[in-house]
Amino acid sequence: MHSENEFRGRLEEVARRVGLGGVPVGVLVTGVVVLVLATALAVWRFWPGAVAPERGAGVEVSKAASPVEAPEAGASTRENASSSTTATAVWVHVVGAVRRPGVYELPVGSRVGQAIERAGGVLGNGAAEGVNMARPVVDGEQIAVPTRGE
């Protein structure tokens, strides 16, 4: 009980100092709670989680990407030609409102959603609904995730 009166007295003193001396304590407490909740909601909703790079910044190649291997010595030209036509991976460039824009290697048959997931997912200001996540990716394509303002 003593601490409640002490809290009320301190709150009334602060309210008086900021020019709100005549406002009831209940209204002050409610206002503070609403302000804290609104701030928390704004931070949760609009915090991007990562800063998007500037347009035109250098391209980052995924560290998970495997290097291209040279053909074995003595392998015939015909073997090299047949192995190059049956690709097992595709390379895509993911840009825009994603956490880690860059070039990524994905298995053949992957979808746009998997490429965006490999790039760290859509940022808080990204408009994922502007991208067909179910579309199969094509080797060498660029996947752009727009922001809500675009």
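Reference entry: report on the structure contained in this document. Keep in mind the model is a prediction, meaning the values are calculated, not measured. (Residues numbered from 1 in each chain as written. Predicted model: local features only at pLDDT ≥ 70, side-chain atom pairs only at ≥ 80, totals over all residues. Heavy atoms only, no water.)

## Thoughts on the nonpolar core
Note the cut-off: Only buried residues count toward a nonpolar core, which is a set of Ala, Val, Leu, Ile, Met, Phe, Trp, Tyr and Cys residues joined through side-chain atoms within 4.5 Å. Burial status follows relative accessibility: with a 1.4 Å probe on protein chains alone, a residue under 20% of its type maximum counts as buried, one over 50% as exposed, and anything between as partly exposed. Contacts: residue pairs with any heavy atoms within 4.5 Å of one another.
Counting residues in each nonpolar core, the largest one holds 16 residues, and the members touching the most others are Val-92, Val-94, Ala-115, Ile-116, Val-137 and Ile-143. Discounting chain neighbours no more than four positions away, the residues touching Val-92 are Gly-102, Val-103, Tyr-104, Leu-106, Ala-115, Val-137, Val-138, Glu-141 and Ile-143.

## Some details on the environment of Pro-107
Put simply, the test is: Helix and strand assignments follow DSSP, with helices taken as H or I runs no shorter than four residues and strands as E runs no shorter than two, numbered in order from the N terminus.
Summarising the element assignment, Pro-107 is placed in strand 2 (residues 102-107). When its relative accessible area of 49% is taken as the criterion, Pro-107 is described as partly exposed. Here the alpha-carbon distance between Pro-107 and Val-90, two residues 17 residues apart in the chain, equals 6.1 Å. Beyond its immediate stretch of four places on either side in the chain, Pro-107 contacts Thr-88, Ala-89 and Val-90.

## Quick look at the pattern of salt bridges
The condition that has to hold: Here, a salt bridge means any Lys or Arg side-chain nitrogen found within 4 Å of an Asp or Glu carboxyl oxygen.
Enumeration over the complete set of coordinates arrives at 4 salt bridges. Where Glu-13 meets Arg-16, a salt bridge forms, and the shortest distance between an N and an O atom there is 2.6 Å. Here the residue Glu-13 and the residue Arg-16 both occupy positions in helix 1 (residues 2-17), the gap between them amounting to 3 residues, near one helical turn. The class of Glu-13 is partly exposed, set by a relative accessible area of 27%. The structure contains a network of salt bridges with shared partners spanning Glu-13, Arg-16 and Arg-17.

Distances and angles like these do not, on their own, reveal function.
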